[in-house]
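Fold and geometry: a report
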Amino acid sequence: MAPIGTSVRIGSMSHAGHRLDRSHLAHEANQRALVSEKALTVLWRSKGRTRSQPVSYLTAGAVSGLTVAVMVWAAAVTSYLVFKDDILGGLMKRQADMQHVYEDRIRDLRGQVDRLMSRQMVDQSDIEQRVEQIARRQSMLETRQSVIGSLTESAGPARAGAIVP
């Protein structure tokens, strides 16, 4: 390839004597397109003709920004698809660990409730035994009281006669 600005002779073309000057062609294309300094120019070749389209900096920036956004989105989707199993596995493991912790906590609390219930049952049976002992003592005291009352009544008139001379 010849450097820009030099003439190149193309031997295989029908116009063997025609010399191409690239810088001259670029200058002519810019003149034909009336390129503005406030815009970019997109050039493309179609059907042997060079066509141009001026594009504002705002439009070029918007297209560039959209291109970057699509590339970031594509990278995110690709990484999600690649690491989806790892992500889901990690989430499921964390969920299972949390469930095991909750189950252990529930088992511990049930054990504490069972201990408190058994302690309450022991205390209740202890109280029932004491109430039963107190009821037996009270019935025994009532029996003694009635025996003493009957002895006092039967001994009362006999003593009353013995005291009176």
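All of these numbers come straight from a predicted model, not from anything done at the bench. (Residues numbered from 1 in each chain as written. Predicted model: local features only at pLDDT ≥ 70, side-chain atom pairs only at ≥ 80, totals over all residues. Heavy atoms only, no water.)

The next thing to look at is the overall build of the protein. Along its length, the protein carries 2 helices and 4 strands. Along the protein, from the amino end to the carboxyl end, the secondary structure elements read β-β-α-β-β-α. Across the 165 residues of the protein, 2% fall into the buried class. Taking as baseline every contact in the protein between residues at least 6 positions apart, the subset at least 24 positions apart corresponds to 0%. Accessible surface for the protein amounts to roughly 14900 Å². Of this, 61% is attributable to carbon and sulfur atoms. (Helix = DSSP H or I, 4+ residues; strand = E, 2+ residues; numbered from the N terminus. Buried < 20%, exposed > 50% of the residue type's maximum accessible area, 1.4 Å probe, protein only. Contact = heavy atoms within 4.5 Å. Areas by Shrake-Rupley, 256 points an atom, 1.4 Å probe, with all protein chains shown as cover.)

Attention now goes to the confidence of the model for the protein. For the protein, the average pLDDT comes to 80, and 75% of its residues sit at 70 or higher. The lowest-confidence element of the protein is strand β1 (residues 7-9), averaging 43 in pLDDT; the highest-confidence one is helix α2 (residues 57-163), averaging 89. Here residues 1-18 scores under 50 on pLDDT; set against residues more than four positions off or in separate chains, the count is 16 contacts. (pLDDT = per-residue confidence, 0-100.)

Both strand β3 (residues 39-46) and strand β4 (residues 49-56) contribute to a ladder of 8 bridges, which runs antiparallel. The partner of serine 46 across the bridge, within β4, is arginine 49. Linking two consecutive strands that pair antiparallel, namely β3 and β4, is a turn of 2 residues; a positive phi of about 55° is found at lysine 47 within it. (Pairing = 2+ DSSP bridges.)

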